[in-house]
Amino acid sequence: VFEYSQGVAKAGYYHSTPAGTFMRAQFPAQDDDQGIGWWLHFARRRLADHPNIERIVFINRAVSAATLGGQWDPGGAAYQAALTDTLAALAADPQLTFGGLLWHQGEGNTADTEAAHQALLIAMISGLRAAIPGGAQAPFIAGTIFKTWSTSATEPGVDRATRNIANYVTNASFVDNSDLSSASSLHFDRAPLRTMGARYANAADALTQAT
């Protein structure tokens with residue numbers, strides 16, 4: 001498992017990631033409750049289930065407190081960083097093919113209506129798919145937000161938009177995190193992060209099983 005560097009060394013440098021240790025230099029203990037470690041477990045599961053996959057390279061551009069209707073809109077800072085680095089990684093290594101988009105976001109959008117959040121997701125996904133070579137029908141997998149922000153009695157529009165994503169975005173699916181727990185009110189604990197990784201991997205299999 002690799003991650004395209006965020007200035008760890010130089011542009012085009014691939015940062016090697018021994019499974020179970022770290023993903024980003026600034027977070028040496030990635031398998032913890034930092035809220036950013038589940039994709040390492042996604043990658044480990046994918047590689048275990050699909051021996052034909054030689055390696056997985058992540059373009060990790062998660063940004064704290066970033067929102068749709070803000071940094072993740074087409075042209076926004078987070079959106080542009082993800083796009084620029086994806087294009088750079090593909091150009092630096094011709095053996096790479098674009099595998100898809102993994103998304104887990106929403107706390108900053110809890111005031112959105114379902115329709116408003118759908119429109120924001122469509123704009124982001126359509127923009128990235130159109131701009132990335134091989135991305136036209138790339139899988140998009142979104143996870144529901146932390147249950148502190150979303151209860152059965154007061155489910156926000158962002159959560160409904162996520163759960164219904166397959167109805168308005170092609171080759172898309174969602175991962176239900178509503179049963180997972182945390183000692184804090186925001187970030188998932190270690191065991192839930194591992195569970196999330198496995199669930200995203202299962203969702204990826206369901207979307208890509210024909211290819």
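Here's what I pulled together on the structure shown here. Everything numeric here is computed off the predicted structure, so don't read it as measured data. (Residues numbered from 1 in each chain as written. Predicted model: local features only at pLDDT ≥ 70, side-chain atom pairs only at ≥ 80, totals over all residues. Heavy atoms only, no water.)

### Comments concerning the overall build of the protein
Of regular secondary structure, the protein possesses five helices and six strands. For the protein, the α and β elements follow one another from N to C terminus as β-β-α-β-α-β-α-β-α-β-α. Sequence-distant contacts, at least 24 apart, represent 61% of the contacts inside the protein between residues at least 6 apart. Of the roughly 9900 Å² that the protein leaves accessible, carbon and sulfur atoms contribute 54%. (Helix = DSSP H or I, 4+ residues; strand = E, 2+ residues; numbered from the N terminus. Contact = heavy atoms within 4.5 Å. Areas by Shrake-Rupley, 256 points an atom, 1.4 Å probe, with all protein chains shown as cover.)

### Some points on the nonpolar core
In terms of nonpolar packing, the biggest core is built from 28 residues, with W72, W103, L121, M124, F140 and I165 touching the most fellow members. Sorting the residues of this core by element identifies α2 (77-92), β4 (101-104), α3 (114-131) and β5 (140-143) as the ones contributing at least two each. Among the elements that take part in this core, α2 stands out by supplying six residues, more than any other. Contact partners of W103, with chain neighbours within four places excluded, come to L68, W72, L121, M124, F140, I141, A142, G143 and Y200. Counting residues in each nonpolar core, the second largest holds 15 residues, with W38, I141, V175 and M196 among its members. (Core = buried A, V, L, I, M, F, W, Y, C linked by side-chain atoms within 4.5 Å. Buried < 20%, exposed > 50% of the residue type's maximum accessible area, 1.4 Å probe, protein only.)

### Let's talk about unusual backbone geometry
At N171, a residue that is not glycine, the phi angle is positive and equals roughly 50°. On the secondary structure map, N171 appears in the loop between α4 (157-163) and β6 (172-175). The class for N171 is partly exposed, based on a relative accessible area of 26%.

### As for the packing of aromatic side chains
Enumeration according to the criterion identifies two aromatic pairs in this entry. Centroid distance F42 to F58: 6.3 Å. Interplanar angle 65°. Geometry classified as edge-to-face. Here F58 lies in strand β3 (residues 57-58) and F42 lies in helix α1 (residues 38-49), a separation of 16 residues in the sequence. You can call F58 buried: its relative accessible area is 11%. Ring geometry for W72 versus W103: centroids 5.1 Å apart, planes at 90°, classification edge-to-face. In this pair, W72 is assigned in the loop between β3 and α2 and W103 in strand β4, connecting sequence segments 31 residues apart. (Phe/Tyr/Trp six-rings, centres within 6.5 Å; stacked < 30°, edge-to-face > 60°.)

### Some points on the sheet that holds β5
Strand-to-strand pairing in sheets goes through backbone hydrogen bonds, with the strands running parallel or antiparallel. An order of β4-β5-β6 is seen for the three strands of this open sheet, with the pairing classed as parallel. In the strand order of this sheet, the two ends are held by β4 and β6, each with one partner. Strand-to-strand, the axes of this sheet are offset by a mean angle of 20°, without reference to chain direction. Bridging between β5 and β6 involves four bridges; their strand directions are parallel. (Pairing = 2+ DSSP bridges. Axes fitted to C-alpha atoms, helices over the stretch in contact; angles between N-to-C directions.)

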